[in-house]
Amino acid sequence: MPAVMRQDDEYTGYIEDLEREHRDLDRLLDTADLVDRDDRQRFLDAVDELHRHIAKEEDGLFPASLTTLAGDDWDRAMAAWREAHPDVRTP
């Protein structure tokens, strides 16, 4: 869905910010040493930020997709999701 909605100028920046947050969290999870006090605090801060991130998706992006995307858009969005998640089985 983000790959399709990103094409609409109204959502481009919003989606780019969400994707950056995904990359930042991935990078943190790959490098954090929870034995290290500073890394532990970075992790706790990231968990707090994750709540805000999820709210931006659940309360912003996902409802907007319901009024923005048409049938063909959903097909493209689902194809992009499957390509990005090849190991996840979908019905």
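Residues numbered from 1 in each chain as written. Predicted model: local features only at pLDDT ≥ 70, side-chain atom pairs only at ≥ 80, totals over all residues. Heavy atoms only, no water.

A.B. asks: Tell me about helix α2 (residues 9-31), and name the residues and values.
C.D. replies: For α2, with 23 residues, the first-to-last C-alpha span of 34 Å sits near the 33 Å given by 1.5 Å per residue. Buried residues of α2: Tyr11, Thr12, Ile15, Leu18, Glu21 and Leu28, and no others. Here the buried face of α2 lies against α1 (2-5) and α3 (37-68). One side-chain oxygen of the residue at the start of α2 lies 2.9 Å from the amide nitrogen of Glu10, identifying that residue as Asp8. (Helix = DSSP H or I, 4+ residues; strand = E, 2+ residues; numbered from the N terminus. Expected span 1.5 Å × (residues − 1). Buried < 20%, exposed > 50% of the residue type's maximum accessible area, 1.4 Å probe, protein only. Contact = heavy atoms within 4.5 Å. Polar contact = N/O pair within 3.5 Å; in protein donor to acceptor, adjacent residues only side chain to side chain.)

A.B. asks: Which residues make up the packing of α2 against α3, and what values go with them?
C.D. replies: In the contact formed by α2 and α3, the axes pass within 10 Å of each other and the chain directions differ by 150 degrees. Taken together, the axes of α2 and α3 are roughly antiparallel relative to one another. The element α2 and its partner α3 pack so that their crossing is left-handed. Along the lines of polarity and charge, the residues of the contact of α2 with α3 split into 12 nonpolar, five polar and six charged. (Axes fitted to C-alpha atoms, helices over the stretch in contact; angles between N-to-C directions. Parallel < 35°, antiparallel > 145°, perpendicular 65-115°, else oblique. Left-handed = near helix turned anticlockwise from the far one by under 90°. Nonpolar A, V, L, I, M, F, W, Y, C, P; charged D, E, K, R; others polar.)

A.B. asks: Outline the layout of surface pockets, supporting the account with residue identities and numerical values.
C.D. replies: Each pocket or cavity is described by its volume, and for the largest pocket that value is around 480 Å³. Lining the largest pocket are 20 residues, and of these Met1, Pro2, Ala3, Trp81 and His85 sit closest to its centre. Of all the secondary structure elements, the ones that give two or more residues to the lining of the largest pocket are α1, α2, α3 and α4 (71-84). Element by element, the count of residues in the lining of the largest pocket is highest for α4, at seven residues. Counted by class, the lining of the largest pocket contains 13 nonpolar, two polar and five charged residues. In this structure, the second largest pocket spans a volume of roughly 230 Å³. (1 Å grid on protein atoms, 1.4 Å probe; cavity = no way out; pocket = protein on both sides within 12 Å on 5 of 7 lines; lining within 4 Å. Points joined across faces, edges and corners; volume = space filled by probe spheres on them.)

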